[in-house]
Amino acid sequence: MAAKSQKIPSFELALAELEQVVADMEMGKLSLEETLTAYRRGTELLKICRSRLEDVQQQVRILEGGTLQTFSNGPVFPSDLPMRENE
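Per an unreviewed UniProt entry, the recorded name for the protein chain is Exodeoxyribonuclease 7 small subunit, and the organism is Candidatus Nitrotoga fabula. Under the UniProt heading Function (unreviewed entry), the entry covering the protein chain gives this text: "Bidirectionally degrades single-stranded DNA into large acid-insoluble oligonucleotides, which are then degraded further into small acid-soluble oligonucleotides." The UniProt entry for the protein chain carries the following comment under Catalytic activity (unreviewed entry): "Exonucleolytic cleavage in either 5'- to 3'- or 3'- to 5'-direction to yield nucleoside 5'-phosphates."

Next up, the structure:
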């Protein structure tokens, strides 16, 4: 049997599909087999979303010098940003 070649969806597409899977399951109109299939797909999508979020979090850590910075809730002004060396 040939393995399925599936393209991994973007975070946004995976999240949208996951939300739809959850909504379909919550409606309670799926058969038992359909519910099981939806649950399996939901767990796959959840893994994709978590993996993408962890990747981005790691990239932010690298950009912030290894320390996650807390973000303020207020607006960010150019004067609030650190100066780059070439400026």
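From this point on, the discussion continues.
(A) Geometry of the nonpolar core. Within the largest apolar cluster, seven residues are counted, these being Ala14, Leu18, Val21, Ala38, Leu45, Ile48 and Cys49. Elements that contribute at least two residues to this core include exactly helix H1 (11-27) and helix H2 (32-63). Leu18 has contacts with Gly42, Leu45 and Leu46, leaving out every residue within four places of it along the chain.

(B) Looking closely at H2. Taking 1.5 Å per residue as the helical rise, H2 with its 32 residues ought to reach 46 Å, and the 46 Å between its terminal C-alpha atoms agrees with that figure. Elements that come into contact with the buried residues of H2 comprise H1. Count one or two residues on from H2 and you reach Gly65, which has phi positive near 75 degrees.

(C) Highlighting H1. The first and last C-alpha atoms of H1 sit 24 Å apart over 17 residues, in line with the 24 Å expected at 1.5 Å per residue. For H1, the complete set of buried residues consists of Ala14, Leu18 and Val21. Mapping the buried residues of H1 onto a view down its axis gives an arc of 60 degrees, with all of them on the same face. Exposed residues pointing more than 90 degrees away from the buried face of H1 are listed as Glu12, Leu13, Glu19, Glu26 and Met27.

(D) Molecular detail of the pattern of salt bridges. Overall, the coordinates contain two salt bridges when judged by the stated rule. One salt bridge in this structure joins Glu17 and Arg41, with 2.8 Å as the shortest N-O distance. Of this pair, Glu17 sits in helix H1 while Arg41 sits in helix H2, placing them 24 residues apart in sequence. On the basis of relative accessibility, which here comes to 31%, the residue Glu17 falls in the partly exposed class. Here Arg41 ties to Glu44 by a salt bridge, and the two come within 3.0 Å at their closest N and O atoms.

Criteria and cut-off values
- Residues numbered from 1 in each chain as written.
- Predicted model: local features only at pLDDT ≥ 70, side-chain atom pairs only at ≥ 80, totals over all residues.
- Heavy atoms only, no water.
- UniProt positions renumbered as here; feature names shortened; annotations may be inferred.
- Core = buried A, V, L, I, M, F, W, Y, C linked by side-chain atoms within 4.5 Å.
- Buried < 20%, exposed > 50% of the residue type's maximum accessible area, 1.4 Å probe, protein only.
- Helix = DSSP H or I, 4+ residues; strand = E, 2+ residues; numbered from the N terminus.
- Contact = heavy atoms within 4.5 Å.
- Expected span 1.5 Å × (residues − 1).
- Arc of directions from axis to C-beta.
- Salt bridge = Lys/Arg side-chain N within 4 Å of Asp/Glu carboxyl O.

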